[in-house]
Amino acid sequence: MFDTYLSRWNARDFPGMASLFTEPTIYMTESGPLPIASRQEMEAMFRNKFAELDDEGFDHTEIGGTTVSQCDAKTAFLEMNQVRRLRSDGSAMDELDAIYVCSKTPEGWRFAVVIGAWLDWRKRSEFLGEAV
């Protein structure tokens with residue numbers, strides 16, 4: 001599923017990307033959870049995001065590696081390491097890690113929760129400042 005998603009991402013196949021998400025999907029942002037209620041909303045979000053990326057010279061995304069952990073029969077955890085958004089000259093626009101919670105649906109595995117993370121977040125030593 002992830003290879004399909006990355007291929008669709010780099011092809012700018014917005015309906016195809018949106019089809020790989022649950023309804024609703026939760027995006028965790030720095031300002032809090034952002035629920036995306038439908039695939040139409042997801043597709044519109046992708047169109048807006050790509051318009052911003054294209055304004056910055058975006059060409060494609062490469063991933064350093066992935067790790068998948070199945071939590072139970074219907075839930076899996078996907079970690080993407082070194083997500084690099086690149087310009088056509090190969091220079092990096094940004095680099096981060098990403099975490100996806102996946103859910104097995106009647107349509108197959110889908111992304112249910114998306115979290116952008118600091119690069120190498122597992123190696124960072126910052127303390128959250130309060131109990132989680």
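Refer to the structure presented above.
Residues numbered from 1 in each chain as written. Predicted model: local features only at pLDDT ≥ 70, side-chain atom pairs only at ≥ 80, totals over all residues. Heavy atoms only, no water.

Glancing now at the overall build of the chain. Counting secondary structure elements, the chain contains 3 helices and 6 strands. In the chain, the succession of α and β elements from N to C terminus is α-α-β-β-α-β-β-β-β. A globule of 132 residues ought to have a C-alpha radius of gyration of about 14 Å, and the chain, at 15 Å, matches this closely. For the chain, buried positions account for 32% of its 132 residues. For the chain, restricting intrachain contacts to residue pairs at least 6 apart in sequence, the fraction spanning at least 24 positions comes to 46%. (Helix = DSSP H or I, 4+ residues; strand = E, 2+ residues; numbered from the N terminus. Rg over C-alpha atoms; globule rule 2.2 N^0.38 Å. Buried < 20%, exposed > 50% of the residue type's maximum accessible area, 1.4 Å probe, protein only. Contact = heavy atoms within 4.5 Å.)

So, on to unusual backbone geometry. The step from Glu23 to Pro24 runs through a cis peptide bond, and the omega angle for that step is 0 degrees. Relative to the assigned elements, Pro24 resides in strand E1 (residues 21-29). Even without being glycine, Gln82 reaches a positive phi, approximately 55 degrees. Here the phi dihedral of Asp120 falls at roughly 55 degrees; this positive angle occurs in a residue that is not glycine.

Pairing is mixed across the open sheet formed by 6 strands, whose spatial order is E2-E1-E6-E5-E4-E3. On the outer flanks of this sheet lie strand E2 (32-36) and strand E3 (58-72), each paired with one strand and no other. Averaged over neighbouring strand pairs, the angle between their axes works out to 20 degrees when direction is ignored. Judged from the 9 bridges that link them, strand E5 (residues 92-105) and strand E6 (residues 108-117) form a sheet pairing that is antiparallel. Considered in E6, the bridge of Val101 is made with Val113. Each of E1, E3, strand E4 (75-87), E5 and E6 touches helix H1 (residues 2-11); the most contacted strand, E3, lies at about 160 degrees to it. (Pairing = 2+ DSSP bridges. Axes fitted to C-alpha atoms, helices over the stretch in contact; angles between N-to-C directions.)

Once that is clear, we can look at H1. Turning to H1, its buried residues number three or more, namely Phe2, Tyr5 and Trp9. With its buried residues spanning 55 degrees around the axis, H1 presents them on a single face. Of the residues in H1, the exposed ones pointing more than 90 degrees away from the buried face are Asp3 and Ala11. Looking one or two residues beyond H1, the residue adopting positive phi is Arg12, at roughly 60 degrees. (Arc of directions from axis to C-beta.)

Remember, this is a structural readout, not a statement about activity or role.
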